[in-house]
Amino acid sequence: MKRISILGATGSIGQSTIDLVRRDREGFDVVALTGGRNIARLAADARELGAALAVTAHDELLDDLRAALAGSGVEAAAGATALNEAAARPADWVMSAIVGAAGLAPGLAALGQGATLALANKETLVAAGPLVMAAARDSGAQVLPVDSEHSAIFQALRGEDPDTVERVVITASGGAFRDWPLERLATATPAEAATHPNWDMGQRITIDSASMFNKALEVIEAKEFFGIHPDRIEVLVHPESLVHALVGFRDGAMIAHVGPPDMRHAIGHAMYWPRRSDLPVARLDLAQVGQLSFHAPDPRRYPALGLARQVMAEGGLAGAIFNAAKERALDHFIARHLGFCHMSEVVEDVLAREMPATRPNAAGFSLDDVFEADRRARLCADAVVQERIE
Ligand code: NDP
């Protein structure tokens, strides 16, 4: 029986993970579940799955969690330290599905205890890729990708010599506004941006798909995870979302990963790796699909992709700054302080203002440097937004 913990259990990825656990109760022993504000969901799942521990990120919700777990025998805890402790509880496999940079420290705590880290939280590698991969090497822990594109690349690379890889192609649906006229983008609302043509995901990643900040994070994630040079990572718009990524090899072959847009494939792949197991995902009927289409992304529609190139060229703490600025710009867009197109302008401004201050750290940096760069970038983003409002 595999001992597992799920960080971000109440979210979209967390719930898909729990769905797979429910289908294989003999296969998994649940150690810890963590969540944020959705106490009812967290407590219900912890009870049902017989988790040893349930943790909310919010101290002020501890009493509610305790009340919801009364009589269940599930231990309750709250706060950032408790999240890290939950991740550090001995387990064989830990799902990292907290949204945002808040997932970084718990992910590192899971790696520190030697657990296999199933990484949905892409922000972890964007903000601190070299530190995270070094932590995995030091503890001998395995990191497995859960982002569908990275899982696809991982699967295409199985058994291949990494030196023979010429390029990887990450696909993107193009998000909610793929077919909107460019001039209409300025009027886009958070509700419109939070509608994805193909995937059912959390609100933040769905809006990030419309702006392609999500794809920008994924390009950086691919560089950090696979050690691929940025020039060899391409992005293609693929409206059908059936080909998740392609790997091109030196001999001219391309291996594509094709499957329905259902995160339970990538999650299940990481849960059962290195073997393949039966998963409850739809089987594709390609004759019915008929056609697959691809086109290059328009840089005017998706400026976030250009910013990702800049971040990879800068290296060092640029990823931490980029991610934090993006998270705050997104908060301000959701709060309707900012227009949709202004998010990338704010992030660009923050990079320009904050990068010079962090350049001395570009060669090597610590986790504290990452947290400090993240903190400063958030303040800077708030200041940039405030200047725009005034
Ligand atoms: P959701 O917003 O659906 O869920 C986020 C989870 O994190 C919830 O459990 C939430 O708790 C918890 N949470 C929110 N804020 C904090 C915090 N500050 N500290 C601790 N926990 C917190 O996100 P998704 O499931 O969509 O995404 C999770 C991660 O996976 C992201 O990094 C995303 O980019 C990545 N990912 C998601 C995909 C998807 O299909 N959804 C695909 C590929 C990657 P609560 O809801 O209780 O407040």
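**So, a nonpolar patch on the surface**
On the surface, V258, L284 and L286 cluster together to form a nonpolar patch covering roughly 230 Å² of accessible area. Mapped onto the elements of the fold, L286 is located in helix 12 (residues 286-289).

**Quick look at the nonpolar core**
Counting residues in each nonpolar core, the largest one holds 134 residues, and the members touching the most others are L33, M95, F322, F340, M343 and V350. Excluding residues within four positions of it along the chain, F322 makes contact with F213, A216, L217, I220, A304, L307, A308, V311, V347 and L351.

**Looking at the sheet that holds strand 1 (residues 2-7)**
As summarised here, the arrangement of the seven strands in space is 4-3-2-1-5-6-7, forming an open sheet in which the pairing is parallel. The strands lining the two open edges of the sheet, one partner per strand, are strand 4 (75-78) and strand 7 (143-145). Each adjacent strand pair in this sheet contributes to an overall mean axis angle of 20°, direction not counted. Judged from the four bridges that link them, strand 1 and strand 5 (residues 93-96) form a sheet pairing that is parallel. If you follow L7 over to strand 5, its bridge partner there is S96. Sitting on the sheet, helix 3 (residues 62-69) is in contact with strand 3 (53-56) and strand 4, with an inclination near 165° to strand 4.

**Quick notes on the site of the ligand**
Taken together, 25 residues are adjacent to the ligand, and T10, S12, G36, R37 and E123 come closest. Within the backbone of S12, an N or O atom sits 2.9 Å from an oxygen atom of the ligand. Here an oxygen atom of the ligand and a backbone polar atom of N38 are 2.9 Å apart. Relative to its free-state accessible area of 890 Å², the ligand is covered by the protein chains to the extent of 83%. Each residue belonging to the shell around the ligand can be placed in one class, and the counts come to 12 nonpolar, nine polar and four charged.

**A word on the pattern of salt bridges**
If you walk through the whole model with that rule in mind, you get 29 salt bridges. Linking D179 and R178 is a salt bridge whose minimum nitrogen-to-oxygen distance equals 3.4 Å. Measuring nitrogen to oxygen at the nearest pair gives 2.6 Å for the salt bridge that ties R378 to D374. You can see R378 and its partner D374 sitting in helix 16 (residues 367-389), four residues apart, about one turn around the helix. The exposure class assigned to D374 is buried, which follows from its relative accessible area of 14%. Within the structure, one salt-bridge network assembled from shared partners comprises K122, D147, E149, K215 and E218.

**Focus: unusual backbone geometry**
Cis peptide bonds are those with omega within 30 degrees of zero, and the linkage from W273 to P274 qualifies with 10°. Relative to the elements of secondary structure, P274 occurs in the loop between helix 11 (263-272) and helix 12. Positioned with a positive phi, M212 is a non-glycine residue whose angle comes to about 65°. Within the secondary structure, M212 is located in the loop between helix 9 (203-211) and helix 10 (213-226). The backbone of S241 shows a phi angle near 50°, a positive value even though the residue is not glycine. Checked against the element boundaries, S241 lands in the loop between strand 9 (233-237) and strand 10 (243-249).

**Here's the deal with the sheet that holds strand 10**
Read across the open sheet, the four strands follow the order 9-8-10-11; overall the sheet is mixed. At either end of the open sheet lies a strand with only one pairing partner, and these are strand 9 and strand 11 (254-258). Averaged over all neighbouring strand pairs, the angle between strand axes comes to 20°, with direction disregarded. For strand 8 (residues 165-172) and strand 10, the ladder comprises five bridges, and the chain directions are antiparallel. Paired with R167 across the strands is G248, a residue of strand 10.

What counts and how
- Residues numbered from 1 in each chain as written.
- Predicted model: local features only at pLDDT ≥ 70, side-chain atom pairs only at ≥ 80, totals over all residues.
- Heavy atoms only, no water.
- Patch = residues over 30% accessible without salt bridge, like charges linked within 9 Å, V, L, I, M, F, W, Y side chains within 5 Å.
- Areas by Shrake-Rupley, 256 points an atom, 1.4 Å probe, with all protein chains shown as cover.
- Salt bridge = Lys/Arg side-chain N within 4 Å of Asp/Glu carboxyl O.
- Helix = DSSP H or I, 4+ residues; strand = E, 2+ residues; numbered from the N terminus.
- Core = buried A, V, L, I, M, F, W, Y, C linked by side-chain atoms within 4.5 Å.
- Buried < 20%, exposed > 50% of the residue type's maximum accessible area, 1.4 Å probe, protein only.
- Contact = heavy atoms within 4.5 Å.
- Pairing = 2+ DSSP bridges.
- Axes fitted to C-alpha atoms, helices over the stretch in contact; angles between N-to-C directions.
- Near = heavy atom within 4 Å.
- Polar contact = N/O pair within 3.5 Å; in protein donor to acceptor, adjacent residues only side chain to side chain.
- Nonpolar A, V, L, I, M, F, W, Y, C, P; charged D, E, K, R; others polar.

Function-wise, these values are silent; they only describe arrangement.
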